[in-house]
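Analysis of the macromolecular model
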Amino acid sequence: MSYKNFPMVPRVIFGRGSFNQLNEVLAPKRLGINAPFIFLIDDVFKNNSWLKSRIELSYDDKIIFVSSKEEPKTSQVDALVEDIILMSKERPSGIIGIGGGTLLDLAKAVSIMLTNNGEAKDYQGWDLVKNPALYHVGIPTISGTGAEVSRTTVLTGPEKKLGINSDYTPFDQVILDSELTKDVPKAQWFYTGMDCYIHCIESLTGTYLNAFSESYGNMALDLCKQIFLEDNLSDLESQEKLMMASWHGGMSIAYSQVGVAHAMSYGLSYLLGTKHGIGNCIVFDHLEEFYPEGVKLFKRMKEKHNITLPQGICSDLSDREFDIMINISLGLEPLWENALGKNWKKIMTPQKLKDLYKKM
Ligand code: NAD
Ligand code: ZN
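So, how was this worked out
- Residues numbered from 1 in each chain as written.
- Chains lettered and ligands numbered in written order.
- Predicted model: local features only at pLDDT ≥ 70, side-chain atom pairs only at ≥ 80, totals over all residues.
- Heavy atoms only, no water.
- Donors = N, O, S within 2.8 Å, 3.2 Å for Na, K, Ca; no water.
- Tetrahedral: all angles 85-135°; square planar, octahedral: opposite > 155°, others 65-115°.
- Helix = DSSP H or I, 4+ residues; strand = E, 2+ residues; numbered from the N terminus.
- Buried < 20%, exposed > 50% of the residue type's maximum accessible area, 1.4 Å probe, protein only.
- UniProt positions renumbered as here; feature names shortened; annotations may be inferred.
- Near = heavy atom within 4 Å.
- Polar contact = N/O pair within 3.5 Å; in protein donor to acceptor, adjacent residues only side chain to side chain.
- Areas by Shrake-Rupley, 256 points an atom, 1.4 Å probe, with all protein chains shown as cover.
- Nonpolar A, V, L, I, M, F, W, Y, C, P; charged D, E, K, R; others polar.
- Contact = heavy atoms within 4.5 Å.

If you look the protein chain up in an unreviewed UniProt entry, it shows as 3-deoxy-alpha-D-manno-octulosonate 8-oxidase from Flaviramulus basaltis.

A word on the coordination of the zinc ion (ligand 2). Protein coordination at the zinc ion (ligand 2) comes from D195 (OD), H199 (NE2), H262 (NE2) and H276 (NE2), with a distance range of 2.1 to 2.2 Å. Around the zinc ion (ligand 2), the four donor atoms are arranged such that angles at the metal cover 88 to 170°; this shape is classified as irregular. Coordination of the zinc ion (ligand 2) draws on donor residues from a single chain, spaced D-x3-H-x62-H-x13-H in sequence. Of this pair, H199 sits in helix α5 (residues 186-204) while H276 sits in helix α9 (residues 276-284); the two residues are 77 residues apart in sequence, bridging distant segments of the chain. Across the pair, H276 and H199 agree in class, each one buried.

Glancing now at the UniProt feature "domain: Fe-containing alcohol dehydrogenase-like C-terminal" (unreviewed entry) in the protein chain. Under the UniProt annotation, the feature "domain: Fe-containing alcohol dehydrogenase-like C-terminal" (unreviewed entry) is placed at residues 191-303. For residues 191-303, the end-to-end C-alpha separation is 13 Å, with 77% helix and 0% strand making up the annotated structure.

What follows covers the UniProt feature "domain: Alcohol dehydrogenase iron-type/glycerol dehydrogenase GldA" (unreviewed entry) in the protein chain. Per the UniProt entry, the sites bearing "domain: Alcohol dehydrogenase iron-type/glycerol dehydrogenase GldA" (unreviewed entry) are residues 11-177 in this numbering. For residues 11-177, helix accounts for 22% and strand for 23%, while the C-alpha atoms at its two ends are 14 Å apart.

On to the site of ligand 1, then. If you check the shell around ligand 1, you find 28 residues, and the closest are G101, T102, S150, T192 and K275. In this structure, an oxygen atom belonging to ligand 1 sits 3.0 Å away from a side-chain N or O atom of D42. T192 places a polar side-chain atom, nitrogen or oxygen, 2.8 Å from an oxygen atom of ligand 1. Protein coverage of the free-state accessible area of ligand 1, which is 870 Å², stands at 91%. Looking at the shell around ligand 1, the elements with two or more residues in it are α4 (101-113) and α5. Examining the composition of the shell around ligand 1, we find that four residues originate from one element, α4, more than from any other. Grouping the amino acids of the shell around ligand 1 by side-chain chemistry returns nine nonpolar, eleven polar and eight charged.

Another aspect to go through is the side chain of D285. Relative to the elements of secondary structure, D285 occurs in the loop between α9 and α10 (292-304). Side chain to side chain, D285 and K302 meet in a polar contact 3.0 Å long. D285 has contacts with V295, F298, K299, K302 and L309, leaving out every residue within four places of it along the chain.

Below is the structure:
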């Protein structure tokens, strides 16, 4: 048996208001006056002077606002890298991603592609990145995906939706300031928060489970139950706890895997562009067969927060379209193996998967 030797985020700041320390964190990392810091920020903050006033731009530093309407694409990463090369006199000092999973993943991918040749799609897979990424910082503004701790950046490419999984992907620095999450709309709070809950259920019930993943998974699951089922938390406590749940949920899957909901949700995302959080919720709602306890609790949380999920999103799909989704989904072998064991192909046949999709 050979055990995996995973990197972790080496530096993290946690605390309400800690975003104010960003400038002092970055200062020693500046490589020179011609090597700018590039801030990739969710464009939801474009007119947010509260956030912008906290970022001190010096020399050639630039803010690039990016829409998170669609999930990150390999072509989008390549275009951003090209723009950054053209606008910078020298290789940048660092990339700072500010936003949800979408912006965090873009920042990771851009920092990798600034030091590696070719196109982002060439690196989708496991351990294909050759050179260390540029210094990169992740600052989540919505909690749940665990993208702030993970060793992957999930990208949709021309042929597949698959992460760049590598030792160079994790952030060099993360800033966890729950104040940044205070204006997240309620429904989005639920969808992205449920991503974390689903990470826990899929990790804790998977065949890859081990004490490392279990301990993080249990911590995150306990926090999710407090946040989504109890009434006694203040907004501040709830925001801070969800930030930590996201972190622990991400740590849990780092040393195990996700499962059926993620494998199916990737199919929806690839074909229909369904976003990760809501896609996971749509799928998980129909997975009692695989996660009876987890789905029961999910339905209670959904009800408590008056969330109505879209129905019938697969009702008008052609056989060809179903085949595309099924191929994407069944291609994620480690997820299925984790969920259903080594003989998963006998359980999850293409027909069975199609029947499941048809319910959604
Ligand atoms: P997101 O980043 O797409 O953001 C969701 C919405 O919330 C957007 O409309 C955004 O503008 C808005 N938003 C974010 N912060 C806000 C704030 N403070 N106030 C108001 N609005 C705010 O969503 P997400 O669920 O965080 O991330 C989904 C992405 O993460 C997907 O692309 C998925 O593939 C990826 N993901 C990555 C990993 C990983 O380990 N790398 C894990 C899970 C998911
Ligand atoms: Zn997820």
